[in-house]
Every structure is written in structure tokens, then in C-alpha cells.
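Listed below are the residues making up each chain.
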Amino acid sequence: MASHLLIVESPSKAKTLKKYLGKDFEILASYGHVRDLVPKTGAVDPDDDFRMKYEVIDRNAKHVDAIARAVKDADTILLATDPDREGEAIAWHLSEILKGKRSLKGKTLKRVVFYEITEGAVKDAVKHPRDISMELVNAQQARRALDYLVGFNLSPLLWKKIRRGLSAGRVQSPALRLIVEREIEIENFKSREYWSIHFDSEKAKTPFSARLTHFKGEKLDQFSVGDAARNAEITGFLESHGKGAARVSEIEKKRKLRSPAPPFTTSTLQQEAVRKLGFSTDRAMKVAQSLYEGVSLGKAVTGLITYMRTDSVSLSKEAVAEIRGYITKNFGSDYLPKSPVAYKSTARNAQEAHEAIRPTSIARTPESVAPFLNDEQRKLYEMIWKRALSCQMTPAKFDTVAVDFTVGGAGNVFRATGQTMVFPGFYAVYHEDDDDVVEEEDKRLPALDKGDTVPILKLYGEQHFTQPPPRYSEASLVKALEQYGIGRPSTYASIISTLVNREYVVLEKKRFQPTDVGRVVNKFLTEHFAHWVDYEFTAKLENELDDISNGKEEWVPVLERFWKDFSAQVGEKESVSRKDVTQEVLDEQCPKCKAHKLTIRLGRRGRFIGCSGYPECDYTRNLDGSGDSAEGPAKRDIGIDPKTKKAIQLLQGPFGWYFQLGEPEGDKKPKRVSLPKNIAPEAATLEVALKMLALPRDLGAHPETGKKVVAAIGRFGPYVNHDGHFKSIPKDENVFDITLERAVALLKEPKSPGGRGALRVLGKHPEDGQSVSLYAGKYGPYVKHGKVNATLPDKDAIATVTLEEALALLAAKSKGKKTKVVRARKKAA
């Protein structure tokens, strides 16, 4: 009988640890969180020092019972949950449950922490147990209480003021604000013309170009040459006075050093995985978790990387010594700095309690472990390994040269620049990202001396236009969240997936765009709860939570300060009218009744323009001007299909917008395909139409069976199919971009988190975050949340039922009432 019971979060981790610790240890898994707040009002009581009411999570009750039974036979219980706030809180919840069951009498209960799953690290952690840190526990409790208080008070307000089924979050809302504000910035952007002037030349058969920097003694800025006329004036002057030659007036040579990037933090790992590997942030974290928890390397199971939730950029002395030894042996002394390279985090709210993400041993090269890894694991491990190795290498060295030329007088100066890599340093292993590789390539100039004259082969101007700021990608959004101090690195992936799953944003061409609902939610929050979605306030609150974990603050006073103002604001905003939130008055008279102003309004399928005199006047049109109800059915010409030469139109039918290729030919109907719900009609382009009409996509042959794998969009959304086996494509991925490699990985994943037999997951319940799923039952289709089932009154609604409708059915079922899913299209308020 094992005298020690060690409890971890993950069952895969349990198998690895059992091999390390032997027969004296029984290893059990909690399967993540074991308790959470009761999913109802009053779970956090502000009138009783924010006392929190917990209950065991249903899906993990059996695991908790197994742990309680095992405790009876053990003398020592070691809580080895993950080494962060969440892990500390899980350890505390387990201890509280066991105390409540009176299972700990005469037992020793301790906390152990390890940051890498290797035999040495695990055995050392077991030798040095400690007590549970209540500072870390209280920091997590405060964070959970804040999230609950915001969600349970703001979400009902959104239901009343905008539409049912919406929700708001403490950190998701400022993240949504970032995306919406960037979109508004793009919409308001006014492009500005400017010109740059160049000459092309060559010497000794080496071509080069130079750019005009000064004209008639004045330094040129971006807009000094603002139009074609000014460009023609300057180039004409230089052609007539320069007489086809440029003279070297100055030569400046420098040695430039480029230092390596620090080892990965959670944030930088996510950014690079998105940029270099094409992963989503959520995918990057899941793959990293699998590398941390352990991989079978033949006979032994070993964790390949250190803990992946960290914002530290430091490495242990032992790791640095091993890396430096590897560099000396494999690259030579020129690549090894005289002393170890130390890094300091520049991230806001950085918590540097443990190490950066690194390989558990630099000796495990990507080549040596590749046979034991799947493709995604191999790619991510190689990137982590190279980044850790390169961070302790010498800088790359470049010789740079800048040559100034005069043309037609001393005041007219052109500059040419060049550089040559003279020593690769860390470049021999790793570049931070692909853009830097392009920028740092050798750009050579011919040998030139002061006073030399070179021929001007071509003198010309180039027209440019300023560009709006780009929409956020997953990588740039993570970087912005880190810069503003919104959330913690471990929460970035969940923030992004929450915004996508709530359909507040869509990921289009790997860039985030707010949906109409997202814009309206943001408008309400920024106008009526500006303080609570303010970036500085959010960052300040994160600092206070960090202070709680460091023992500098008590958690209840932090909650009291927050709740005092927030609760007052919620009560004050009850009186705001729904019309003020969902409508925006335009300075335009209704063309139909000519008596009322037009407004931008939110309907079931997004924003549209309608008469403020509704219902007396029912005039409507789309934001782009199409679908004018005074002109007949909504229709828009999209373009011509280059293959069939047939016209493509966007039409509005009784079930929504759809593309149509060509016209009916006798009994033969033209090909039609629905416009995806996440694309507004005004955003429908020829490119979108061609992609939709080209579905399903043939991704290629499955590597194991040789049978075809296809990607398509069905009634339940985008999916991949292989030999009759279907798998939904996650909302943060795209049916048009998904690769065969990713499709194969998806097809291998376990069944939907909605449970066995779930047709699809409709989304998360706003009260507790648990899945709301659709099932096909013996007596017809039904929706399920926790232990509550609600039958769909209309079996035809199985294809179109939404999360909002499911929530209404479940709420009515909980109250013992019957309700009805109304399929008819409603007018917006």
C-alpha cells in the first residue's frame, strides 16, 4: 500500500510521475478545477466580506471522490497542482474539500511545486514541500470574484438593453474595445498622397539605388513632395541641372550589432507561434502543454519544456551553464559571450517568479526528439529550443555604409545605404521573426570613394499613399494586451477565444474585425461603463491582484473599493433606454415618409439603416446603400466568375443573404451558397463569393488511409470530413485557410466538449461558462446545460437554433414554464 498520495491536475502527467516516484507513491489527477462558484445570484456576497459560495464541479465529482477514498490509505498527501495562482487555488480547494469530509485527521498535507517534469526536478520538489500560499489563493479568489461580479451584473443589463444571450467580462471588454477602436480608426482614416524621388545607378556592374533626402538645402519629410506636380517640378530640375551624373559627397561606415531576443515568455511564444507556425494562440498553448506534461521518448516519458505559463525571461544557472557548454562544443568560442547573458522583462505587470520557457535539456535537440513528436509538437519544440539556445549566443555583426550623392548642386542630396553581415552570431541558429530576416539580408553597395562620379541611369518619382493601421492579428493583439496590462499571459488565449465564441469579433484573413453586435456592446460599455473598460484602470486592477499574491494587499479591501463604485453605476444605468443603446441617429431624412430621421439600428442579422418613425414607416436599407426597401428586393451585383464567365449576385431571401452564380436555365437552378453569418452583406466581395462557391475544398489525401479530406460549410458551420468522419473547425480558424495537416490533427481530436452524442456546442452559458449543447434525443432535438434539458418546440429549428434561444428555453425549463422558439423574422427595435 502506497504511503504517499500525490495529486496533480492532468492524468497524462500522473502517468509520467508514477514512473519517477515508484511504488511508495500513488498518483491521482484532479482533472483541473474541482470547485467553482455556485452558478446563481449570491455566489459572492458583498454584504458579508465577499464570502464566496462554492460547489464541486459536476464533471469532476467522481475524481474528487476517488481522491477522498485514496486519502484514507495514505499518510502524506502532496498537492502538486500547476505552479501558478490557478494551481495554488486548486490545491486549496482540494484541501478544503478533504477537511470538510474529515479525511485529514492524523494526515500530513503539503504543497509541492515543480516547473519541469523531469525525474530530478520532481524528486527534488517532493523533498522540499511547503504549505499552501494563501496569498496566491486569495489573489485567485479576488480575480474570480471580480469576474463573477462583473459578469453577473453587466450581462443581465446587456440582455435588457441590447439582446438576450449577451455577456460582458472584466478583461474581455477592454480587449473588445481595442479591436473596435482600431476598426473605427481604419474607417475614419483619410489616405494622403506623397512621393519619393530616386535614381538608379551602377558601378563595376553592381547596381544600386539612392533616395532624395534634401532639395535645395532643405531636408525632405514624408509629405514634402505631396503630388505629381511637385514631383515633376523637382525631377525636372534635377534632370536639367544634374546632367545625368551624381557625385559622392560623404561616406559613413559603421559596425552594427544585432543582439538575440530573450527566451520565450507565454506572450512571446504565442506571438511567434502565430507569426511563424500559423497556430492560433489557443493551439500554441495546448501544444506547449503537451510538451510540458511529457512525451514518451522510447522507454522513458519526459517533459520536454519548462512550465509554459510565465512572463519571466530569466533562466536558471544550471540551464545557462548547459546551454553555454553546448554552444562551445557545437559552435566554438566565437559564438559564446564572455559572461552569461541576463535579460529583464519589459512587460507591464510582469511576474518573474520562475523561469522563461526553455527545453528541460538543451542536449535534447529537435532532431533527436523529432521521431517521438507529432508535426505540431515538433515545430513548436524546435522554435523553443532554438530561441533558448540563441539567447546565450553572441550578437550578429554587420558592416553598414551610407553614401551621400549630390546632383545638380550641393543642396540636392541623395542617400544610398548598404550592409554586409560579417559574423552571424546567434543568426546561425534563430531569427526572431521572418520580417527581420528580410530586413537584415545583405544589401551591398559597390566600392565608392569621396569625389567619385556615377552615372544616373534613371531618375524617377514613386507615388505612395498613407495606409490605415492594420487590423489586429492574434499576434499583435496579444502584444497589445501585454503592453496595456490587460489580463495575464495565461489568459490571453481564453480572452481571444471568448470574443470569437461570443461572436463579438470574427477572424477574417487572420485579422480581427468586430461584428455588429460587438460594436454595439462596446458602444454601450464605453459610453456607460467607461471607467471599467479603461485600459489604465484594468492594468491598475491587475497590479492590485499582483500585490495580493505578493502579500502587499489584502483581497477584501480591493474588492470593496471596486464594488462600491461599480454597483452604484449598474443601478444608475438601469434607466438607459434600449433605443439609446442600439440606435444611432443620422443626419438624413427618411426618403419614404420624409417626416423622420434615419437611424443605424441593430437587427437579427446585424446593423442596418431604418426610419426612426418605425413602425409607422418601415423603410430600411443596408449600410452600403443596397437593399433599399423603396426599390424592391435586396440584390447586389458582386462580379463575374472568371471560370464560368457567369455573373455573381448577392441576394436576400427569407432565410438570409446568399450568393447566386448565373441565372436559372430551364429546370436547372443556379448554384447558390449562403453568406456566412459572420460576414456582413456590405462586406461581401467577389473574393468572398468565389471562395464560398468553390466549397467544398479538397485538402488532399489522408496520410494514413489515402482517402480524400475535404473542408466545407454545413448547417452547423465549417467542418472537415474524411471517409464519413466529420469534425467542426474551431471558430478561431478558417475553412478557407485550413491545411491538410491541421485537418488531420482535428480529426484525431476527441469528441466535442458538449458531451457524448452532442450535435454541436452552441456556446458558453453566461452565468457559469459551461457548455450549452444541442442533442438529438429519442423524443426529438433538445438543448442541455449541466443537468437541465429543454426540448426544442419546433424540430425544424435544429439547424438554426441559436445560443440566445437555447438560453431562453433552459431558463423557462428551470422555472417550470413552456416557451416557444419564434422562427419568423422580427423587426429590430
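Conventions adopted
- Residues numbered from 1 in each chain as written.
- Predicted model: local features only at pLDDT ≥ 70, side-chain atom pairs only at ≥ 80, totals over all residues.
- Heavy atoms only, no water.
- Phe/Tyr/Trp six-rings, centres within 6.5 Å; stacked < 30°, edge-to-face > 60°.
- Helix = DSSP H or I, 4+ residues; strand = E, 2+ residues; numbered from the N terminus.
- Buried < 20%, exposed > 50% of the residue type's maximum accessible area, 1.4 Å probe, protein only.
- Lys NZ or Arg CZ within 6 Å of the ring centre and 35° of its normal.
- Pairing = 2+ DSSP bridges.
- Axes fitted to C-alpha atoms, helices over the stretch in contact; angles between N-to-C directions.
- Contact = heavy atoms within 4.5 Å.
- Salt bridge = Lys/Arg side-chain N within 4 Å of Asp/Glu carboxyl O.
- Core = buried A, V, L, I, M, F, W, Y, C linked by side-chain atoms within 4.5 Å.
- Parallel < 35°, antiparallel > 145°, perpendicular 65-115°, else oblique.
- Nonpolar A, V, L, I, M, F, W, Y, C, P; charged D, E, K, R; others polar.
- pLDDT = per-residue confidence, 0-100.
- Disulfide = S-S within 2.5 Å.
- Expected span 1.5 Å × (residues − 1).
- Polar contact = N/O pair within 3.5 Å; in protein donor to acceptor, adjacent residues only side chain to side chain.

**Observations concerning the packing of aromatic side chains**
Here is step 1: As enumerated under the stated definition, the model contains 23 aromatic pairs in all.
Here is step 2: Here the aromatic rings of Phe 199 and Phe 414 are separated by 4.9 Å at their centres, their planes lie at 55 degrees, and the arrangement is tilted. Linking Phe 199 in strand β9 (residues 193-203) with Phe 414 in strand β16 (residues 413-423), this pair joins segments that are 215 residues apart in sequence. The exposure classification of Phe 199 matches that of Phe 414, with both residues buried.
Here is step 3: Members of the aromatic cluster, connected to one another through ring pairs, are Phe 524, Phe 529, Trp 532, Phe 537, Phe 562, Trp 563 and Phe 566.
Here is step 4: In this structure, Lys 216 packs its charged tip against the face of Phe 237, placed 4.6 Å from the ring centre.

**Brief notes about the sheet that holds strand β7 (residues 76-79)**
Here is step 1: Reading across from one edge, β2-β1-β7-β8 is the order of the 4 strands in this open sheet, with parallel pairing throughout. Each edge of the sheet is formed by a strand with only one pairing partner; in this case those strands are β2 (25-29) and β8 (108-111). Mean inter-strand twist for the sheet, computed between neighbouring axes without regard to direction, equals 20 degrees.
Here is step 2: Helix-sheet contacts for helix α1 (residues 11-21) involve β1 (4-8) and β2, and the interaxial angle to β2 is about 170 degrees.
Here is step 3: In this fold helix α3 (residues 85-100) packs onto β1, β7 and β8, with an angle of close to 170 degrees to the strand it touches most, β8.

**With respect to the pattern of salt bridges**
Here is step 1: Applying the stated criterion across every chain, the model contains 45 salt bridges.
Here is step 2: With a closest N to O distance of 3.4 Å, Lys 254 and Glu 252 form a salt bridge.
Here is step 3: According to the relative accessible area criterion, Lys 254 is exposed, its value standing at 51%.
Here is step 4: Of the charged contacts, one joins Glu 527 and Lys 523 as a salt bridge, the two residues approaching to 3.7 Å between their closest N and O atoms. Of this pair, Glu 527 and Lys 523 both sit in helix α16 (residues 516-528), 4 residues apart, which is roughly one turn of that helix.
Here is step 5: When its relative accessible area of 22% is taken as the criterion, Lys 523 is described as partly exposed.
Here is step 6: Linked by salt bridges that have partners in common, Arg 143, Asp 147, Arg 170 and Glu 542 make up one network.

**Describing the nonpolar core**
Here is step 1: One finds Ile 162, Phe 512, Val 521, Phe 529 and Phe 566 to be the most contacted residues of the largest nonpolar core, which totals 87 residues.
Here is step 2: The element that contributes the greatest number of residues to this core is helix α5 (residues 134-161), accounting for 12 residues.
Here is step 3: Leave out the neighbours within four places in its chain, and Phe 566 touches Leu 149, Val 150, Asn 153, Leu 154, Phe 529 and Trp 532.
Here is step 4: By size, the runner-up hydrophobic cluster in this structure holds 62 residues, among which are Val 112, Val 122, Ile 323 and Met 383.

**Focus on the packing of α1 against helix α4 (residues 119-127)**
Helix packing geometry: the angle between the two helix axes and the distance between the axes.
Here is step 1: One can describe the packing of α1 onto α4 by two numbers: an axis separation of 10 Å at closest approach and a directional angle of 75 degrees. Classified by the angle their axes make, α1 and α4 are roughly perpendicular. Contact residues: Leu 17, Tyr 20 and Leu 21 in α1; Glu 119, Val 122, Lys 123 and Val 126 in α4.
Here is step 2: Looking at side-chain class alone, the contact of α1 with α4 contains 5 nonpolar, no polar and 2 charged residues.

**What to know about the confidence of the model for the protein**
Here is step 1: Mean pLDDT over the protein stands at 87; residues scoring 70 or higher make up 91%.
Here is step 2: The low-confidence segment residues 752-756, where pLDDT is below 50, has 10 contacts with residues more than four positions distant or belonging to other chains.
Here is step 3: Here residues 817-829 scores under 50 on pLDDT; set against residues more than four positions off or in separate chains, the count is 27 contacts.

**Regarding the pairing of strand β12 (residues 245-258)**
Here is step 1: As judged from the 3 bridges shared by β12 and strand β17 (residues 453-455), these two strands associate in the antiparallel manner. By the bridge assignment for β17, Arg 247 is matched with Thr 453.
Here is step 2: Bridging between β12 and strand β15 (residues 396-406) involves 11 bridges; their strand directions are antiparallel. In the sheet register, Arg 255 faces β15, and the bridge partner there is Asp 399.

**A look at the state of the cysteines**
Here is step 1: Counted according to the given criterion, the structure contains 0 disulfides.
Here is step 2: The thiol of Cys 590 is unpaired, and the distance to the nearest cysteine sulfur, on Cys 617, comes to 3.7 Å.
Here is step 3: For Cys 590, a relative accessible area of 1% puts it in the buried group.

**Describing the sheet that holds strand β30 (residues 708-714)**
Here is step 1: Spatially, 4 strands are ordered β29-β30-β31-β32 in an open sheet, and the strand pairing comes out antiparallel. Each edge of the open sheet is held by one strand with a lone partner, namely β29 (697-701) and β32 (725-728). For this sheet, the mean angle separating the axes of adjacent strands, direction not counted, is 25 degrees.
Here is step 2: Sheet analysis places β30 next to strand β31 (residues 717-722), joined by 6 bridges and oriented antiparallel. Across the sheet, residue Ala 712 finds its bridge partner in β31, namely Tyr 719.

**Description of unusual backbone geometry**
Here is step 1: The step from Leu 695 to Pro 696 runs through a cis peptide bond, and the omega angle for that step is 0 degrees.
Here is step 2: One non-glycine residue, Arg 102, adopts positive backbone phi at about 55 degrees.
Here is step 3: You can see Arg 102 is positioned in the loop between α3 and β8.
Here is step 4: Note on Arg 102: relative accessible area 75%, which makes it exposed.
Here is step 5: We note that Lys 510 has phi near 65 degrees; this positive angle belongs to a residue other than glycine.
Here is step 6: Mapped onto the elements of the fold, Lys 510 is located in the loop between β19 (505-508) and β20 (511-514).
Here is step 7: Residue class for Lys 510 comes out exposed when judged on its relative accessible area of 52%.

**Quick word on helix α6 (residues 172-188)**
Given 3.6 residues per turn, any residue in an α-helix points the same way as the ones three and four places further on.
Here is step 1: Compared with the 24 Å implied by 1.5 Å per residue over 17 residues, the 24 Å span of α6 between its first and last C-alpha is a close match.
Here is step 2: Summarising burial for α6: 12 of the 17 residues are buried, a large majority.
Here is step 3: What α6 keeps buried is the set Gln 172, Ser 173, Pro 174, Ala 175, Leu 176, Arg 177, Leu 178, Ile 179, Val 180, Arg 182, Glu 183 and Ile 186.
Here is step 4: Looking at the buried side of α6, the elements it contacts are α14 (474-484), α15 (492-501), β19, β20, α16 and α17 (535-549).

**Remarks on the side chain of Glu 376**
Here is step 1: You can see Glu 376 is positioned in helix α12 (residues 375-390).
Here is step 2: For Glu 376, the side chain forms a polar contact with the side chain of Arg 283, separated by 3.1 Å.
Here is step 3: Apart from the residues lying within four places of it in its own chain, the contact partners of Glu 376 are Phe 279, Arg 283, Val 287, Arg 742 and Ala 745.

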